[in-house]
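Per-entry structural report
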Amino acid sequence: MRINMPLAEKRAIGARSWLAAAVGVCIAVAAAADDQTTLPPEAGAVLGRFIGQWETQARIQGQDTSEPAIELRGRGVGRWILGGRFVEFRTESVPPGQVEIQIMTYDEDTAAYRQWVFDSEGYTHDTVGEWDPASATLFWRGENAAGPFVIDDRWATPRRLEWRLRQTTATGELVEPIAGVLTKTD
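First, a word on scope: everything that follows refers to the structure included in this document. Once a new chain begins, its residue numbering starts again from 1 and follows that chain's sequence as written. Whole-chain, interface and lining totals are the exception, using all residues; otherwise, since this is a predicted model, local features are given only for residues with pLDDT of at least 70 and side-chain atom pairs are given and counted only at 80 or more. Excluding hydrogens and water, the side-chain figures rest on all heavy atoms present in the structure.

1. Topic: the overall build of the protein chain
- Across its full length, the protein chain carries two helices and 10 strands.
- Counting across all 186 residues of the protein chain, residues that qualify as buried make up 32%.
- Pairs of residues are marked as contacts when any of their non-hydrogen atoms sit within 4.5 Å. Contacts in the protein chain between residues at least 24 apart in sequence constitute 34% of all its contacts with a sequence separation of at least 6.
- Taken as a whole, the protein chain presents about 11400 Å² of accessible surface, with 58% of it coming from carbon and sulfur. Counting from the N terminus, the helices are DSSP H or I runs at least four residues long and the strands are E runs at least two residues long. When accessible area is computed with a 1.4 Å probe and restricted to protein chains, residues below 20% of their type maximum are described as buried, those above 50% as exposed, and intermediate ones as partly exposed. Accessible surface area values rest on a Shrake-Rupley calculation with a 1.4 Å probe, where residue burial reflects the displayed protein chains alone.

Structural data, given as structure tokens:
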């Protein structure tokens, strides 16, 4: 700041500096709020495991096991949204092409976890989940056009999630088992 400037100019600079500082504090508070949950403590701790930056891998085995499995890689980001009531988990394949969004929460009225999934190819599902602390696994159950399915999200370590999707037809036949690993990178 110039020492010999008029008092009005000094006050204007001081007011702009104060305003910039106030805006910075508001942004920092809003960012901190996105890092926290307003869910009950146990539910927040379970879903909080998804928060952060991830590398993703998945393997899809078709019904014809003589055909090679499809291997996919990508990145994911989990963050608290909507006042800390929901986790948004976004993944994108590498190279880019497929995008998926998962929204997860804990429904206090039913004492169950909920998950909604949407992808760039039009696939959707919703599931109800149950946490098993003994195995550190979140079991998601749902049904889509192909039949009922179960997704096991098992935390091998706080930085490694191993998951698998098992879907069966109405006659109990296994349809395209899918498995994957998420590795935390931050």
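Picking up where we left off.
2. Considering the pattern of salt bridges
- By convention in these notes, a salt bridge is any Lys or Arg side-chain nitrogen within 4 Å of a carboxyl oxygen on Asp or Glu. In this structure the tally under the stated criterion is nine salt bridges.
- Salt-bridge contacts for Glu71 lead to Arg59; the nearest nitrogen and oxygen are separated by 2.8 Å. Taken together, the residues span a long stretch of sequence, with Glu71 in strand β2 (residues 70–81) and Arg59 in strand β1 (residues 52–60) at a distance of 12 residues.
- Arg59 sits in the partly exposed class, given a relative accessible area of 42%.
- A salt bridge links Arg79 to Glu88, with the shortest nitrogen-to-oxygen separation between them at 3.1 Å.
- Owing to a relative accessible area of 10%, Glu88 belongs among the buried residues under this scheme.
- When salt bridges with common partners are traced through the structure, they connect Arg79, Glu88 and Arg90 into a single cluster.

3. A word on the nonpolar core
- We define a nonpolar core as any set of buried Ala, Val, Leu, Ile, Met, Phe, Trp, Tyr and Cys residues linked to one another through side-chain atoms lying within 4.5 Å. Membership of the largest hydrophobic core comes to 23 residues, with the highest contact counts inside it found for Leu47, Phe50, Tyr113 and Leu138.
- Those elements giving two or more residues to this core turn out to be α2 (41–48), β3 (86–93), β4 (99–107), β7 (137–144), β8 (147–157) and β9 (160–168).
- Those residues in contact with Phe50 that lie beyond four places of it in its chain are Gly78, Val87, Phe89, Met104, Leu138, Asp153, Trp155 and Leu161.

4. Observations regarding the environment of Val99
- Among the structural elements, Val99 can be located in strand β4.
- In this structure Val99 comes out as partly exposed when scored by relative accessible area, which is 31%.
- It is 8.5 Å that separates the C-alpha atoms of Val99 and Phe118, two residues lying 19 residues apart in sequence.

5. Considerations on α2
- For α2, the set of buried residues is Ala43, Gly44, Val46 and Leu47. One side of α2 holds all its buried residues, which, seen down the axis, span an arc of 160°. Counted as exposed and oriented over 90 degrees from the buried face of α2: Pro41, Glu42 and Ala45.
- Contact partners of the buried residues in α2: β2, β3, β4, β5 (112–119), β6 (124–132) and β7. Taking the helix axis as origin, the arc is that swept by the directions to the C-beta atoms.

6. Looking at the environment of Asp153
- Structurally, Asp153 is set in strand β8.
- The exposure class assigned to Asp153 is buried, which follows from its relative accessible area of 6%.
- Separated by 13 residues in sequence, Asp153 and Trp140 place their C-alpha atoms 7.9 Å apart.
- In protein, a polar contact means a hydrogen-donor-capable atom and an acceptor-capable atom, both N or O and within 3.5 Å, with residues adjacent in sequence counting only if both atoms are side-chain atoms; elsewhere, any N or O pair within 3.5 Å suffices. Engagement of the side chain of Asp153 in a polar contact is seen with the side chain of Trp140, the distance being 2.9 Å.

7. A few points about the packing of aromatic side chains
- Within 6.5 Å between ring centres, the rings of Phe, Tyr and Trp (the latter by its six-membered ring) count as paired, and their orientation is classed by plane angle as stacked under 30 degrees, edge-to-face over 60, tilted in between. Inspection of every chain in the model, using the stated rule, returns five aromatic pairs.
- Geometrically, the ring pair formed by Phe50 and Trp155 is edge-to-face, given 5.3 Å between the ring centres and 75° between the ring planes. Taken together, the residues Phe50 in the loop between α2 and β1 and Trp155 in strand β8 connect sequence positions 105 residues apart. Neither Phe50 nor Trp155 differs from the other in exposure class; each is buried.
- Look at Trp54 and Trp155: their rings are 5.9 Å apart centre to centre, the planes differ by 55°, and that puts the pair in the tilted class. A residue pair is termed long-range when its members are at least 10 positions apart, and Trp54 in strand β1 and Trp155 in strand β8 qualify at 101 residues.

8. A word on the sheet that holds β5
- Strand pairing follows a simple DSSP-based rule, namely that at least 2 bridges must link the two strands. The strand order β1-β2-β3-β4-β5-β6-β7-β8-β9-β10 describes a closed barrel built from 10 strands, whose pairing is antiparallel. Mean inter-strand twist for the sheet, computed between neighbouring axes without regard to direction, equals 25°.
- Inspection of the sheet shows β1 paired to strand β10 (residues 174–184) by seven bridges, in the antiparallel sense. Considered in β10, the bridge of Trp54 is made with Lys184. Fitting a line to C-alpha atoms yields each axis, with helices limited to the stretch in contact; the angle taken between N-to-C directions then spans 0 to 180 degrees.

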